[in-house]
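# Structure assessment
What follows is the residue order along each chain.
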Amino acid sequence: MAAARAQAPPRRLPGPFDPDAETAYRGWRERKLREAPADLDALRVRVRDPRALTGAEHAALAECVRRANMALYDSPIVAADKDLPRLLARQFGLSRLDRNWLADDDGISSVAVAEGGGRGDYIPYTDKPIRWHTDGYYNPPARRIRAMVLHCVRSAAAGGENALLDHEIAYLLMRDEDPALVRALMQPDAMTIPARTDDVGVVRPAETGPVFHVDAQSGALHMRYTARTRSIEWKDDPAVRAAAAFLERLLAGPSTHAHRVTLRPGMGLLCNNVLHERTAFADDPARPRLIYRARYYDRIATGSA
Ligand SMILES: [Fe+2]
């Protein structure tokens, strides 16, 4: 019997994200708000070399992620070296890269304004603003993006600011408004991204799924969302429509919980795929904006429950 007790107990369900678990939610909510970083500086960690963090640097970044699902590392290294995001990520247990046809061969995308070649059809590869979203919202469940790193090699001459919002905060604010709203967005058919087609045929099939999803094993909350209004179909359900409208208002309005940052060369974002947007920007043609983007199926290991 002693041996049985020594084994790790199975995760207790329901966790705080279960709409029926009011007590678990209340405890989690109180801690979440108490620990929420007050400003961007509380999320920023100066590091000497992202490829080989010191114990203190790693602990500081992990603590930011534990509290807010995101952290900013600020390094003096301005080299165009993909090992900067790759090796940083590996130190947090991120190894399973999502590879898509727009990514470079090694699975890390070089996000810059593209002329032709197909990439220019996709808004990340333009200088246009990108509305609020989480990455990979069009991916099937087997390719769910749980974490990502954005590493800045060169910033724009003007603009290119990111806004970041912890998706757990979005969940919290919505559940406080009305638990029926989060319940609606947890439906497996809440949101459909229609198939993408080109001259040849279907590039990506339609993808239907929930907005909020709780991982059965880890209990972590995942969010699948885009604020775009074209190429998205919300379930024909009054509660889903009300929830989508709530999110739209929340993200369009001034939020005390959103953090705004313009990444500078050597800086990067490490996050559990939080909500984010990007403003338009203007490049210096001699030094165009370049961001490395690495998307992972893993969630960031912070060393805590
Ligand atoms: Fe993104």
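Residues numbered from 1 in each chain as written. Predicted model: local features only at pLDDT ≥ 70, side-chain atom pairs only at ≥ 80, totals over all residues. Heavy atoms only, no water.

## Quick look at the side chain of Arg278
Short version of the rule: Where helices and strands are cited, they refer to DSSP runs of H or I of at least four residues and of E of at least two residues respectively, numbered from the N terminus. Classification of residues uses two cut-offs on accessible area relative to the type maximum, computed with a 1.4 Å probe and protein chains only: under 20% is buried, over 50% is exposed, and between them is partly exposed. Under this rule, positive means Lys or Arg and negative means Asp or Glu; His and the chain ends count for nothing. By definition, a salt bridge exists where a carboxyl oxygen of Asp or Glu is found within 4 Å of a side-chain nitrogen of Lys or Arg. Any pair of nitrogen or oxygen atoms within 3.5 Å is treated as a polar contact; in protein, a donor-acceptor pairing is required on top of that, and neighbouring residues in sequence qualify only through side-chain atoms on both sides. The contact rule is simple, with two residues in contact once any of their heavy atoms fall within 4.5 Å.
Residue position: Arg278 is located in strand β17 (residues 275–278). For Arg278, which is buried and forms no salt bridge, the nearest opposite charge comes from Asp127, at a distance of 6.6 Å. A polar contact of 3.2 Å, which involves the side chain of Arg278, links it to the backbone oxygen of Pro124. One polar contact links the side chain of Arg278 to the main-chain carbonyl oxygen of Lys128, over a distance of 2.7 Å. If near-sequence neighbours (up to four positions away) are discounted, Arg278 is found in contact with Ile123, Pro124, Thr126, Asp127, Lys128, Pro129, Ile130, Gly160, Glu161, Asn162 and Arg289.

## Focus: the side chain of Gln187
With respect to the helices, strands and loops of the structure, Gln187 is situated in the loop between α6 (179–185) and β8 (191–193). For Gln187, the side chain forms a polar contact with the side chain of Asp237, separated by 3.1 Å. Residues within four places of Gln187 in sequence aside, it is in contact with Gly209, Pro210, Lys235, Asp237 and Val240.

## So, the confidence of the model for the chain
For clarity, the cut-off: pLDDT expresses how confident the predictor is about each individual residue, on a scale running from 0 to 100.
This prediction gives the chain a mean pLDDT of 92; 92% of its residues lie at or above 70. Note that pLDDT drops below 50 for residues 1–5; the model gives that stretch zero contacts with residues more than four away or on any other chain.

## A word on the nonpolar core
Where we set the bar: By convention a nonpolar core is built from buried Ala, Val, Leu, Ile, Met, Phe, Trp, Tyr and Cys residues, the set being connected through side-chain atoms within 4.5 Å.
Counting 44 residues, the largest nonpolar core has Leu61, Met70, Leu88, Phe92, Leu270 and Tyr296 as the members making the most contacts within it. Looking at this core, the element that brings in the most residues is strand β5 (residues 147–154), giving six residues. The contacts of Leu61, once residues within four sequence positions are left out, are Val45, Val47, Leu53, Ala71, Leu72, Tyr73, Leu88 and Phe92. In this structure, Phe17, Ala163, Ile169 and Ala170 belong to the second largest nonpolar core, which totals 32 residues.

## Topic: the sheet that holds strand β3 (residues 108–111)
The following threshold applies: Here, a strand pair is defined by DSSP locating no fewer than two bridges between the strands. Between N-to-C directions, angles span 0 to 180 degrees; the directions come from axes that are lines fitted to C-alpha atoms, helices contributing only their stretch in contact.
What the six strands build is an open sheet, ordered β1-β2-β16-β5-β19-β3; its pairing is mixed. Unpaired on one side and paired on the other, β1 (44–46) and β3 mark the two borders of the sheet. Pairwise comparison of adjacent strand axes, ignoring direction, gives a mean angle of 20 degrees for this sheet. Pairing of strand β2 (residues 70–74) with strand β16 (residues 267–271) involves five bridges; the strand directions are antiparallel. Within β16, the residue paired with Leu72 across the bridge is Leu269. Along the sheet, helix α3 (residues 55–68) contacts β1, β2 and β16; its crossing angle with β2, the most-contacted strand, is approximately 150 degrees.

## A look at the pairing of β2
Here is the rule we go by: Look down the strands so they point away from you; if going from the first strand over the helix to the second traces a clockwise path, that crossover is right-handed.
Of all five residues that make up β2, five are buried, and the element is covered over most of its length. Because side chains alternate across β2, one face comprises the buried residues Met70, Leu72 and Asp74, and the other comprises Ala71 and Tyr73, equally buried. Relative to β2, β1 runs parallel, the two being bridged by three bridges. Bridging from a neighbouring strand, Val45 pairs with Tyr73 of β2. A crossover connection joins β1 to the parallel β2 through α3; in handedness this β-α-β unit is right-handed.

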